[in-house]
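Spelled out from the first residue to the last, the chains are:
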Amino acid sequence: MSDTNLSAILHKKGDLKLEERPIPKPGPGEVQISVRKCGICGSDVKYWKDGAIGHFIVNKPMLLGHEVSGVVSEVGKGVTHLKVGDRVAVDPHVTCRMCEFCKSGRYNMCPKVYFLATPPDDGALARYFVHAADFTFRLPDNVSFAEGACVEPLSVGLHACRRARVTLGHKVLVTGAGPIGLCAMMCAKAYGAKIVCMTDVDEKRLEFAVKCGATHTLLIEKGETEEEAVVRLEELIGGRPDKTIECSGAQFSVNFAVHATKPGGAVAIVGHGPPNVSFPIVATVAKEIELIGSFRYVNTWPTVIDMISCGKIDVKPMITHDFSLEDTLKAFETAKSGLGVKVMIDCGRD
Ligand code: NAD
Ligand code: ZN
């Protein structure tokens, strides 16, 4: 274990530095975590490249990273369900536990949320950080730290499947085969979907999707219309998807999702690119398509951890790179280049 706290701080757009920071002490209800693995998310890369995502702007130095696992290294007052030495993964939310959303089990809507690595809130890409104990979950011995860090993106996928009500025997379309689309695909399969077809404009991403378990893939071709792509999809999967999970943020995919989905089916929107996109309102209405927003996750850690532990979700094929904390900049360059799918940073020292 380290006695210093090397931390990856984003000062402003393009200015990511490794610095020593004090080791934080856990307050009541908190645990100090000696971080082992931290995955790089598209949002970490975007804050580094652009200094902002929508109205979340990096105005002061911020610690990056919110896909985290580690070992409990100190427990604060009142924490009884965790002890020093426990291997854990964390849900990046810390919410108020008082508002109507927290009380009704939709804490992802809490207006007072602290969310790791979302300005101005610090993340966890460091040797140590402190987190609320009730958002910290024990990992079984057979779940590795790298898998533990992947519980976060898998949670985005699980929440989207829950929102879209994916179930046994469904045909599911997932648009966009980045890490989030892959996680949605893995969760849909674990839910018992018969077919999970992934789309992308990048052939390599689709080849990778097959390695990760996609049953079918459809390469979206330059210049084709959404309707043309629907015809090819129907031939490919022998019908229309019951549910679609949009994970590309592309305007094309939103239109395609509505046209492709069965009448009465649901489209869960996870991806966001431009702040406004248009969607085919007549088709949405005439087909009674449910358009559903899906934001982060609620109460997903225990389920995802169990699903990894029992082997129903195998996230390992998605992890393509592992860098040391000292090589954080290289890790970010790799994530930015699109060469990697899930790039991990090893924050431990022993
Ligand atoms: P990513 O950029 O790695 O993946 C997006 C994929 O979509 C890429 O492979 C890209 O080639 C593909 N794509 C682009 N245009 C396409 C098209 N026309 N048809 C099909 N595929 C197309 O991103 P990611 O990290 O996997 O995240 C996916 C999206 O989810 C992003 O928009 C991100 O902002 C969003 N996101 C949302 C939440 C949430 O809580 N709602 C959480 C995390 C990420
Ligand atoms: Zn709240």
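How each quantity is defined
Residues numbered from 1 in each chain as written. Chains lettered and ligands numbered in written order. Predicted model: local features only at pLDDT ≥ 70, side-chain atom pairs only at ≥ 80, totals over all residues. Heavy atoms only, no water. Helix = DSSP H or I, 4+ residues; strand = E, 2+ residues; numbered from the N terminus. Buried < 20%, exposed > 50% of the residue type's maximum accessible area, 1.4 Å probe, protein only. Lys, Arg positive; Asp, Glu negative; His and termini not counted. Salt bridge = Lys/Arg side-chain N within 4 Å of Asp/Glu carboxyl O. Contact = heavy atoms within 4.5 Å. Pairing = 2+ DSSP bridges. Axes fitted to C-alpha atoms, helices over the stretch in contact; angles between N-to-C directions. Near = heavy atom within 4 Å. Polar contact = N/O pair within 3.5 Å; in protein donor to acceptor, adjacent residues only side chain to side chain. Areas by Shrake-Rupley, 256 points an atom, 1.4 Å probe, with all protein chains shown as cover.

(A) View of the side chain of K171. Relative to the assigned elements, K171 resides in strand β13 (residues 171–175). Notably, K171 is buried but unbridged: the nearest opposite-charge side chain belongs to D242, and the N-O separation is 6.4 Å.

(B) Looking closely at the environment of A331. With respect to the element layout, A331 can be found in helix α11 (residues 328–337). Discounting chain neighbours no more than four positions away, the residues touching A331 are I40, F323, V343 and I345.

(C) Representation of the sheet that holds strand β18 (residues 290–293) in the model. Taken together, six strands build an open sheet; the order of strands is β15-β14-β13-β16-β17-β18 and the sheet is parallel. The open sheet has two edge strands with one neighbour each: β15 (216–219) and β18. Put simply, the sheet's adjacent strands are angled 20 degrees from each other on average, direction ignored. As defined by bridge partners, strand β16 (residues 243–246) adjoins strand β17 (residues 266–269) across four bridges and the pair is classed as parallel. What sits directly across from I245, in β17, is A268. Seen against the sheet, helix α6 (residues 203–211) touches β14 (195–200) and β15 and runs at an angle of roughly 175 degrees to β15.

(D) Expanded view of the site of ligand 1. In the vicinity of ligand 1, 21 residues are found, and the nearest of them are I180, D200, R205, S294 and R296. One nitrogen or oxygen atom from the main chain of P179 is found 3.2 Å from an oxygen atom belonging to ligand 1. One nitrogen or oxygen atom from the side chain of S253 is found 3.2 Å from a nitrogen atom belonging to ligand 1. For ligand 1, whose unbound accessible area comes to 860 Å², protein coverage reaches 77%.

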